[in-house]
Amino acid sequence: MNYWRSFVKGGEESQASGAETVARLCDRVASSTLLEDRRNAVRALKSLSRKFRQEVGTQGMTHIIGVLAQDSTDEEIVAYALDTLSNLMSTEADDDDTLPQPELVQFFVDQFTADEKNVSLVLDFIEKPDFATRLAAVRLLVSLLKGKLVKMQEIIITHPMGVSHLIDLLTDAKEVIRNEALLLLIELTRSNANIQKIVAFENGFDIVLGIIHVEGLSDGGIIVEDCLLLLLHLLQRNTSNQQFFKEGSFVQRLTPFFEIDSESLWSAQKVANLHLMIKVVRTLVSPSNPSNVTSSCQLAMQQSGMLEKLCNMLMATGVPADILTETINAVSEVIRGCTTNQNMFDSVYAPCEPPRPAIVVLLMSMVNDKQPFELRCAVLYCFQCFLHSNPIGQAKIVSTLLPSSLQPQHISSGQLLCGGLFAASDPLSNWCSAVALSHALYKNVEMKQQLLRVQLATSAGNPPVSLMQQITNILRQSSNLQSKMGLLILLCSWLTECPVAVSHFLNDPASVPFLLGQIAEHGNEQDHILHGVCALLLGICIKDNDGSVQQRTKESLIELIVARVGVERFCDTLDAVTKHDLYSKAFQRSQPVAPSSYEMLFDHTFTKLFKNLEDKVIKLVSNLEDVKKEEESKAAIEAHDSIIKEYQSLIRSQDIELKELKAKVETMQRELTTTKEQLDEKTSQCQQLKDQYNVLRMTNDSGADGEAANIVSDLHAQIQDLKKQSEESKTQLADKDTEIQQLRNDLNGLERRSLELSFSDESQQTSRPSENLNATDDTIAALNSVNVPDDSRLQDTRIAQMAAEIDDLKTRLEGKEAQLRHQGASNAQYDDINAENTAMQAKIQELESAVSQQGSEKANLVAEIESLRTELSDLKAKEESLVQRLDTANKDTSAAREELTTLQKEQEDLLIMMSDQDVKISGYKEKLKNLGAEISEEDDEDEAEEGEDEDVDAENADSVATD
């Protein structure tokens, strides 16, 4: 052991060759039984592994791998072994600043990874708590990944929890291990979507962004750069991770990265960090991503304020040119095809006096030949993205070129484009302006037609010329390839799918000869590109030719090509364009990029247009007979179209009329429905009135009229009875009067005979009283037999007279008695007279009682007469009430009959109107059938049902009218 130490420390290895020293050390590692001896030997090999890389690798790798398997519990020897292997497989320079041979490093890597168990051993050491062991294992894995990426990725992804343990290293408390883990994951995630997904779903985005914020964002050091590079690897060409990044709200966490202070220092590290962060942003919104992922990320960037901060950087001062260029490219892709972001970008103004729109400021940089080439290309890309799927933006740009009565206060985008389009000393400005203007016309026929109105004042005193005429003039006069290519690209985009623009172009008599001359020329490779684009422009003139220029029809242009150029050469010139490298590069990327400014000849959008039109143009030119037939068929079709147009106009007018008729029919149907409802309502009302009328009539006929008639007849009968009774009473009164008159006469006779008694002698007086009394008895009997007359006043008078006569009779009898007494009659005579008087008084009392009875009977009769009179007055009042009710019922009946008559008239009018509507509808249906419209059977059944309903309604109306 002491010998070995002296050998190492004393410099004896310097006397022997490196190969011999390495051989002895390897033998020591393989044969030593003591762990310390093996550890010292491995440490010595570690120190020699960089200077004597080949010797240590070829002789000692097997022994070192054996140490990893045999002495895995000793952390120190494992660390030495891992460091030795890492030095052998590292691509870094050796101690003498010499780079290792790549073949040798690759050989060692292949030898170590030949057995997957070796890699598994290293992965197991990742989990060891020893710092040196873990660090050495991570570094070795980095070297292995650089040398054998695909195989190492397969081994690691199949190792249990292999990727997860590597991600855990990012949260290690030791920054050295964390930093090495970043390098490890950068290599591990390169071009492997599965590992990228695992890292993302193992919370990799959150951990990496946390490190970036801790390290100071854009002002951070190399660690921020490594984190951004890892983010870039996780997101590039990985749609799943991009979607997860957006849904996890990680886009918002990128926004603070672009908070740039205007007075901040732009160190090299900060520039590198911003470059990588802008690449991360562009990766999320790349045009090559699926549209749904790109659009969602674009909206997230706008909502989080990132787009606003990027625009602020765009308009800020002091930003390095390369950062400004990348920022413009990032803004371009953030707004590309997103209307919301495009509108926001359109509202951005530069902080200058006076404020100018950002798009105008950028165009000023694009047409300025003092600006860097990359910056001018970035501005062109931004302008293209602003107009991509943005017809409103296209119209806004073209409107700045159209003639207007208002003078613009500041320079406009249209003026800048025209200035760059015709700049004589800057071909790149010509090309960029022409391409930018072509994007304002892309897939927008309306703007193509509007651009034909643009007039340019070429010089003082000369009339203005159209923009197309000026472009064709400059195209014929220019000798610069780049300028010509730009103008041709603009013309091709302008004329495609716009026959009006083609007609304007063909009206220039020099345009077609110029194109044919360019196609027929022979030149170098660059000239072949120009000839091919000229051929495409001429093919567009054939394809979209509407025949409005008589001397430049499709057939005549093809004949000119056949005669002047030849179909084969024409097709070869087109084919030469697609085979050019510049065309292929432009076709692959939407961003205009070229190694140098003079190589900027193709635009990505134009390459797609060229690819789309090439086959169509070749087919047209190659088949002249087909074109002739097409022209003939086109003429026939045009004639047929004119007829069809006439029929179409007729049909259109008929359709309009039919729509109007349908509208009217619908209106009439609605009115008919309303009318039917009203008719049904009126019918129900009429039926109700009819029922009420019938009830009233029946009531009047059977009830009121009969009752009134019975009452009236009863009253008439009662009146007749009363009249009869009155007549009978009058008759009885007349009889009574006669009897009373006779009684008066009798009383007068009695009075006279009483007077005679007073003057006759006594004998006569004594013999006569009995006769007088008999006469009086007869009179009283007559009076008893007399009924009191019906007239109360007459009876009162007569009773009063009778009472007066009785009183008078009493008085005379008393006088006669006194006279007899005075004359001295005998007592017997006197007694006889008294007896007669007594008898007379009795008779008088009977007479008075009879009179009293007669008075009571008279009173009863009067009361009965008053009762009859009261009943008669009540009957008369009832008769008057019934007469009034009868008059009211007659009036109500008359009103009901008048209303019924009115309803019958309205019903008849409705029936007439419905019949007219049915006739019109039948006529419309006949017209529809004649026009070819189908009439369903349900409509016919509805029509039949409506006819039956009308018949039923008519019968109802007739029955109502009859009632």
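Relevant structure appears above.
Read on for a plain summary of the structure. Keep in mind that this is a model prediction, so the values were computed, not measured.

1. Regarding the overall build of the protein chain
- Each helix and strand counted, the protein chain has 41 helices and four strands in total.
- About 49100 Å² of surface is accessible on the protein chain, with carbon and sulfur atoms providing 50% of the total.

2. Some thoughts on the packing of aromatic side chains
- Taken as a whole and judged by the stated rule, the model has 13 aromatic pairs.
- For the pair F245 and F250, a centre-to-centre distance of 5.4 Å together with 40 degrees between the ring planes defines the contact as tilted.
- We classify F245 as buried; its relative accessible area is 0%.
- What makes F250 buried here is its relative accessible area of 8%.
- Every member of this aromatic cluster is reached through a ring pair, and the members are F201, F205, F244, F245 and F250.
- For K174, the ring lying beneath its charged end belongs to F131, and the centroid distance is 5.9 Å.

3. Observations concerning the environment of Y349
- Within the secondary structure, Y349 is located in strand 1 (residues 349-350).
- The sequence separation of Y349 and V360 amounts to 11 residues, and the corresponding C-alpha distance is 9.1 Å.
- Ignoring anything within four residues of it in the chain, the contact list for Y349 reads M315, P355, R356, P357 and A358.

4. Side note on the environment of L170
- Secondary-structure assignment places L170 in the loop between helix 10 (162-168) and helix 11 (175-188).
- Taking the relative accessible area as the measure of exposure, L170 reaches 3% and is therefore buried.
- With 12 residues separating them in the primary sequence, L170 and L182 have C-alpha atoms 6.9 Å apart.

5. Focus on a nonpolar patch on the surface
- Taken together, the side chains of I643, Y647, L650 and I651 define a hydrophobic patch exposed on the protein surface, amounting to about 390 Å² of accessible area.
- Relative to the assigned elements, I651 resides in helix 36 (residues 624-759).
- The class of I651 is partly exposed, set by a relative accessible area of 43%.

6. Re helix 24 (residues 413-421)
- Burial analysis of helix 24 places seven of its nine residues in the buried class, the great majority of the element.
- Buried residues of helix 24: S413, G414, L416, L417, C418, G420 and L421, and no others.
- Here the buried face of helix 24 lies against helix 21 (358-366), helix 22 (373-387), helix 23 (391-399), helix 25 (427-439), helix 27 (467-477) and helix 28 (481-495).

7. Some remarks on the nonpolar core
- Counting residues in each nonpolar core, the largest one holds 210 residues, and the members touching the most others are F345 and W494.
- In terms of residue count, helix 22 provides more of this core than any other element does, 12 residues in total.

8. Regarding helix 3 (residues 35-48)
- With 14 residues, helix 3 should reach 20 Å at 1.5 Å per residue; the first-to-last C-alpha distance of 20 Å fits that figure.
- Among the residues of helix 3, those classed as buried are D37, R38, R39, N40, A41, V42, A44, L45 and L48.

Cut-offs and rules
- Residues numbered from 1 in each chain as written.
- Predicted model: local features only at pLDDT ≥ 70, side-chain atom pairs only at ≥ 80, totals over all residues.
- Heavy atoms only, no water.
- Helix = DSSP H or I, 4+ residues; strand = E, 2+ residues; numbered from the N terminus.
- Areas by Shrake-Rupley, 256 points an atom, 1.4 Å probe, with all protein chains shown as cover.
- Phe/Tyr/Trp six-rings, centres within 6.5 Å; stacked < 30°, edge-to-face > 60°.
- Buried < 20%, exposed > 50% of the residue type's maximum accessible area, 1.4 Å probe, protein only.
- Lys NZ or Arg CZ within 6 Å of the ring centre and 35° of its normal.
- Contact = heavy atoms within 4.5 Å.
- Patch = residues over 30% accessible without salt bridge, like charges linked within 9 Å, V, L, I, M, F, W, Y side chains within 5 Å.
- Salt bridge = Lys/Arg side-chain N within 4 Å of Asp/Glu carboxyl O.
- Core = buried A, V, L, I, M, F, W, Y, C linked by side-chain atoms within 4.5 Å.
- Expected span 1.5 Å × (residues − 1).

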